[in-house]
Amino acid sequence: MLGVLGFSPDDEAVYHLLVRRGQADPVELADALRMPLSTVAAALSRLTDRGLTKQGSDEAFLVAPPAVALGALIGEQQSALRAAELALVTLAEEYRGATAGRTIGELIELVTGVDAVRHRFAQVQHAAQREVRSFVTAPFVAVPPGSNTVESVAVRQGVRFRVVIDRPALAEPGVVAETLESLRDGVQIRVTESLPIKLILADAALALVPLAAIAEGEPGAVLLHRTGLLTAMDALFEAVWRDAHPLTLSAASTLSEDSDGDVDTPTELDRQILTLLLAGLTDPVVASQLGLSLRTLQRRLRHLMDLAGAASRMQLGWYAAREGWV
């Protein structure tokens, strides 16, 4: 709790014990906490300097009323954050003003090397205040499936993510598992037949566009600031997003084989199968991604067609959509 106010775990342990006891001398606190006396003394000094404790007439330390002492520190912290927010607005305006007068070379940055591209990829996501949009297509060079740790953190901070992934990428190892995890986090994902480029956009301020791979050369990317090219990338994403197929998977889904083939309603595994097939993946690819044998996959499909009274997969897809199976 006190860590956000700049106190160490030792400070917090000493303070908590002192709050429970009301007062105690350093030796008592050291014995109770099994800490070196010097550590306790240093913690008491820091707590006293910040107004949380005070030394009595003897060796004992008294604790100040937490509502008063901590309330004052929290108020200071809030004031500092408000000042930082105002500074951020000012700096952002200054940056936009400076950007308006930049040369093309300053607005378009060439990034080369796997590590540099991966670093810029993370930075673009961190820079987003409202939304991150991206195109996902194979091959995966700088950011392979399962390595984008920034996404889940940004989602928890309230940043909206919209992702378009093409069908060939869904067939790559590990992509379906990562897609399922992203959907559970609240990422909006759509599928399209193919994508012309990889792309990631932070709000309408930054874009990272990988360059075509060169044989025996380092991978590269272009970081775009506010330029006409950035506007074009923005429009391209929205056009592809409108026509792409929404991908949804149950949050309770698992990626294990379902051994129960006699139930009268679709299982969670069945819903995964239907969703991936409706997204355009072939039977072998779906079976591979879900860890099933091709025979098991086709058995599940026959069972679903029987449940739906469907004579073809097209009829099964129509029935599944109508009944809310996917």
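Rules behind the numbers
- Residues numbered from 1 in each chain as written.
- Predicted model: local features only at pLDDT ≥ 70, side-chain atom pairs only at ≥ 80, totals over all residues.
- Heavy atoms only, no water.
- Phe/Tyr/Trp six-rings, centres within 6.5 Å; stacked < 30°, edge-to-face > 60°.
- Helix = DSSP H or I, 4+ residues; strand = E, 2+ residues; numbered from the N terminus.
- Buried < 20%, exposed > 50% of the residue type's maximum accessible area, 1.4 Å probe, protein only.
- Core = buried A, V, L, I, M, F, W, Y, C linked by side-chain atoms within 4.5 Å.
- Pairing = 2+ DSSP bridges.
- Contact = heavy atoms within 4.5 Å.
- Axes fitted to C-alpha atoms, helices over the stretch in contact; angles between N-to-C directions.
- Right-handed = clockwise from strand over helix to strand, strands pointing away.
- Expected span 1.5 Å × (residues − 1).
- Arc of directions from axis to C-beta.

Enquirer: Can you walk me through the packing of aromatic side chains in this structure?
Expert: How two aromatic rings sit relative to each other is given by the distance of their centres and the angle of their planes. Per the stated rule, a full pass over the model turns up two aromatic pairs. Ring centres 5.3 Å apart and planes at 20° place the aromatic pair F135 and F237 in the stacked group. Taken together, the positions of F135 in strand β5 (residues 131-136) and F237 in helix α10 (residues 228-243) put the pair 102 residues apart, joining distant regions of the chain. Judged on exposure class, the residue F135 and its partner F237 are both buried.

Enquirer: How do you make sense of the nonpolar core when you look at a structure like this?
Expert: Nonpolar side chains in soluble globular proteins tend to end up buried together. In this structure, I273, L290, L316 and W325 are the most contacted members of the largest nonpolar core, which totals 49 residues. V14, L17, L29 and V40 belong to the second largest nonpolar core, which has 20 residues in total.

Enquirer: Honestly, the sheet that holds strand β3 (residues 61-63) in this entry has me stumped. Any pointers?
Expert: Taking strand neighbours across the sheet as the criterion, the three strands line up as β1-β3-β2 in an open arrangement whose pairing is antiparallel. Strands at the two margins of the open sheet, each flanked by one partner only, are β1 (23-24) and β2 (53-55). In this sheet, β3 lies alongside β2 in antiparallel orientation, the contact comprising three bridges. If you follow Q55 over to β3, its bridge partner there is F61. In this fold helix α3 (residues 37-49) packs onto β2 and β3, with an angle of close to 110° to the strand it touches most, β2.

Enquirer: What's the story with the pairing of strand β6 (residues 160-166) in this structure? I'm lost.
Expert: Working note: regular strand, side chains alternate between the two faces of the sheet. Among the seven residues that make up β6, six are buried, leaving the element largely enclosed by the rest of the structure. Of the crossover connections in this fold, the one passing from β5 over helix α7 (residues 150-156) to the parallel β6 is right-handed. Taken together, the five bridges between β6 and strand β7 (residues 188-192) define a ladder with parallel strand orientation. Looking at β7, one finds that V163 is bridged to I189.

Enquirer: I tried to follow helix α6 (residues 114-127) on my own but got confused; where do I start?
Expert: For the α-helix, the turn length of 3.6 residues means that residues three or four positions removed from each other point alike. The end-to-end C-alpha separation of α6 is 20 Å, in line with the 20 Å expected for 14 residues at 1.5 Å each. Within α6 the residues assigned to the buried category are V117, F121, V124 and Q125. An end-on view of α6 places all buried positions within 95° of arc, on one side of the element. Opposite its buried face, α6 presents the exposed residues D115 and H126, each directed more than 90 degrees away.

Enquirer: Help me understand unusual backbone geometry in this model?
Expert: Residues apart from glycine generally show negative phi values, whereas peptide bonds are mostly found in trans. A cis amide bond links A138 with the next residue in sequence, P139, at an omega value of 0°. For R34, which is not a glycine, the phi torsion comes out positive at approximately 55°. Looking at the secondary structure, you find R34 in the loop between α2 (26-33) and α3. Here R34 falls in the exposed class, since its relative accessible area comes to 79%. Here the phi dihedral of D203 falls at roughly 50°; this positive angle occurs in a residue that is not glycine. Taking the relative accessible area as the measure of exposure, D203 reaches 11% and is therefore buried.

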